[in-house]
Amino acid sequence: MAVLDQKAAFSMAGSAASEVARTDYLVLWLGLLSVLYNGILAFINHNIMPLSLTHVAASEGLIMASAILYILHKGIYETDLPAFLFLLFTLVVTIYVSVLNRMLFVDHFRNVLIIFCFSGLGGWSNEKTMKLAFRWASLAVMIFLIFEIVSVPFYVSIVHPSDYFANTRGLLPLSYNTTGLFQNALGFPERFSFGIIDHRSSSIFLEQVSLANFCGVIAIYLISMWERIGRWDRLLFVSTAVLILVTNDTRTMLIFCFACIVGYFVFPKIPRNFNLALMPLIVAAGFLVYTLKPNATGDNFTGRINLTMKKIMELDPLAILGLSVDRVAEFADSGYVYLIYAATIFGVIALWLFVCLFPAGRTAAQRRCAHSLSLFIFLNMMIGGTAVFSMKIAGLLWFVVGYMRFHDSPRIRQDGAADVES
């Protein structure tokens with residue numbers, strides 16, 4: 001790695017274009033494994049040998065350890081400091097919460113570590129590697145989704161979600177679930193549905209929530225990279241997203257995808273820092289919905305929003321300071337409340353600032369990425385839990401955010417010098 005003076009580095013920034021022709025296979029496979037590892041483990045669990053939660057944790061740990069070693073090998077630059085400081089702050093909060101509650105609680109640190117790892121990998125990825133990671137991941141999701149639509153028994157014979165979650169999460173199937181699918185994917189008659197299949201699709205993710213959110217990741221990638229990807233890639237990603245929308249019965253991602261279509265034209269006109277107002281606006285809108293329909297319940301927008309609002313208003317005052325982490329499992333369906341209990345109010349503020357300020361906003365494509373990311377995260381936290389922080393979703397999500405932050409400019413070292421790999 002050659003360290004050049006700043007003037008020379010910027011004059012040679014175009015030389016980075018040569019990187020486009022060379023695939024970084026380590027980055028590529030780490031990006032792919034973030035999406036595929038649960039499916040691979042499920043295949044092993046059903047067809048080779050039973051697995052446990054230890055195998056899942058070890059797989060995640062190996063992926064993140066490999067990413068950290070890669071990032072450290074490349075070096076920490078001045079423009080990498082926001083992610084590094086965010087991770088360091090989260091570590092301090094984790095130690096604080098663990099000591100006060102006299103129990104080791106690392107859930108939030110794991111979530112932020114995933115963000116750090118994959119935004120770092122994305123920052124070092126070249127365009128070819130980025131495109132291959134999304135293309136192959138989308139193709140795998142599409143293939144397994146088609147398997148599931150055409151023949152559930154064939155799909156189950158490959159990955160058997162029910163057995164996988166029973167062995168690795170202790171979620172034993174209910175007596176009425178004889179399909180082999182994850183029981184939460186079965187849905188219920190009153191739920192919104194296009195009626196294409198008789199359950200909520202899961203594909204390679206094995207459960208329906210991650211597949212729905214992957215559709216959101218595709219939408220963010222598309223509006224960020226639309227002008228840089230070819231016709232066949234556009235067809236693949238749009239087809240995958242549409243197939244997810246019509247089989248997964250996800251209202252949130254249907255709305256989000258329409259917002260992204262409009263946002264493609266609108267987001268470039270909005271300053272990046274507007275994102276700082278987005279989370280407060282979404283929470284305020286939630287309070288308005290609760291005020292207008294305080295008795296709304298059920299698995300619909302108003303019902304889910306009201307659930308989150310009620311839990312916010314019933315917050316244990318000690319939880320704001322991290323003294324009630326033992327109750328965190330009660331709030332898995334309310335992202336904002338979960339984060340307050342898991343990371344204190346200071347951790348929530350740090351996440352808010354990082355999501356809003358880390359993405360670049362110099363170009364139209366970068367602003368599309370920044371605004372769609374904030375909308376995706378903060379909307380999800382209002383009507384759902386913490387699924388957007390799992391590696392299955394956060395991996396490629398932050399991969400593209402990291403790439404968009406760095407793809408058009410070199411990193412700057414702390415001493416003020418720029419660096420371009422020769």
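Here the structure is a predicted model, which means the values were calculated and not measured.

Time to look at the confidence of the model for the protein chain. Here the protein chain averages 87 in pLDDT, while 89% of its residues score no lower than 70. With pLDDT under 50 throughout, residues 413-417 is counted as low confidence; its partners more than four residues away or in other chains account for 12 contacts.

The next subject is the side chain of N101. Structurally, N101 is set in helix 4 (residues 81-101). Its relative accessible area of 16% is what places N101 among the buried residues. In terms of polar contacts, N101 uses its side chain to reach the backbone carbonyl oxygen of G322, at 2.7 Å. Here V325 takes part through its backbone nitrogen, which lies 3.4 Å from a polar atom of the side chain of N101. If sequence neighbours within four positions are ignored, N101 has contacts with G322, L323, S324 and V325.

Now for the pattern of salt bridges. Applying the stated criterion across every chain yields a total of 5 salt bridges. Residue K131 is joined to E127 by a salt bridge in which the shortest nitrogen-to-oxygen separation is 2.8 Å. Linking K131 with E127, this pair stays in helix 6 (residues 127-150), spanning 4 residues, or about one helical turn. Here K131 and E127 have matching classes, each one buried. Residue classification places E127 among the buried residues on the basis of a relative accessible area of 12%.

A few words on a nonpolar patch on the surface. On the surface, F89, Y96, L100, L318, I320, L321, L323, F346, I349, L353 and L357 cluster together to form a nonpolar patch covering roughly 890 Å² of accessible area. Elements with a minimum of two residues in the nonpolar patch: helix 4, helix 14 (317-320) and helix 15 (335-357). At 4 residues, helix 15 tops the list of elements feeding residues into the nonpolar patch. Structurally, L353 can be placed in helix 15. The exposure class of L353 is partly exposed, given its relative accessible area of 34%.

A few words now on the side chain of N275. Locating N275 in the fold gives a position in helix 12 (residues 275-292). Side-chain polar atoms of N275 contact the side chain of H371, separated by 2.7 Å. With residues up to four places along the chain from it excluded, the contact list for N275 reads W352, C356, A370, H371, S374 and F378.

A separate point is the packing of aromatic side chains. One pass over the structure, following the stated rule, counts 14 aromatic pairs. Ring centres of F134 and Y221 lie 4.0 Å apart, and the angle between their planes is 5°; this geometry places the pair in the stacked category. Of this pair, F134 sits in helix 6 while Y221 sits in helix 9 (residues 208-225), and the two are 87 residues apart along the sequence. Like F134, the residue Y221 is buried in the burial classification. Judged by centre distance (5.1 Å) and plane angle (70°), the rings of Y221 and F237 are edge-to-face. Of the two residues, Y221 sits in helix 9 while F237 sits in helix 10 (residues 231-248), which places them 16 residues apart along the sequence. Residue Y221 shares its accessibility class with F237, and that shared class is buried.

Here helix 10 spans 25 Å end to end across 18 residues, near enough to the 26 Å set by a 1.5 Å rise per residue. Those residues of helix 10 that fall on the buried side of the exposure criterion are D233, L236, F237, T240, A241, I244, L245, T247 and N248. Looking at the packing, one finds that the buried side of helix 10 touches helix 6, helix 9 and helix 11 (251-266). Phi for D249, located one or two positions after helix 10, is positive at around 60°.

Following both chains from N to C, one finds helix 6 and helix 7 (residues 152-159) inclined at 130°, their axes separated by 5 Å at the closest point. Taken together, helix 6 and helix 7 sit at an angle that is classed as oblique. Where helix 6 approaches helix 7, its residues F144, F147, E148 and V150 are matched on the opposing element by V152, F154, Y155, I158 and V159. Looking at the contact of helix 6 with helix 7, its residues break down into 8 nonpolar, no polar and 1 charged.

Conventions and cut-offs
Residues numbered from 1 in each chain as written. Predicted model: local features only at pLDDT ≥ 70, side-chain atom pairs only at ≥ 80, totals over all residues. Heavy atoms only, no water. pLDDT = per-residue confidence, 0-100. Contact = heavy atoms within 4.5 Å. Helix = DSSP H or I, 4+ residues; strand = E, 2+ residues; numbered from the N terminus. Buried < 20%, exposed > 50% of the residue type's maximum accessible area, 1.4 Å probe, protein only. Polar contact = N/O pair within 3.5 Å; in protein donor to acceptor, adjacent residues only side chain to side chain. Salt bridge = Lys/Arg side-chain N within 4 Å of Asp/Glu carboxyl O. Patch = residues over 30% accessible without salt bridge, like charges linked within 9 Å, V, L, I, M, F, W, Y side chains within 5 Å. Areas by Shrake-Rupley, 256 points an atom, 1.4 Å probe, with all protein chains shown as cover. Phe/Tyr/Trp six-rings, centres within 6.5 Å; stacked < 30°, edge-to-face > 60°. Expected span 1.5 Å × (residues − 1). Axes fitted to C-alpha atoms, helices over the stretch in contact; angles between N-to-C directions. Parallel < 35°, antiparallel > 145°, perpendicular 65-115°, else oblique. Nonpolar A, V, L, I, M, F, W, Y, C, P; charged D, E, K, R; others polar.

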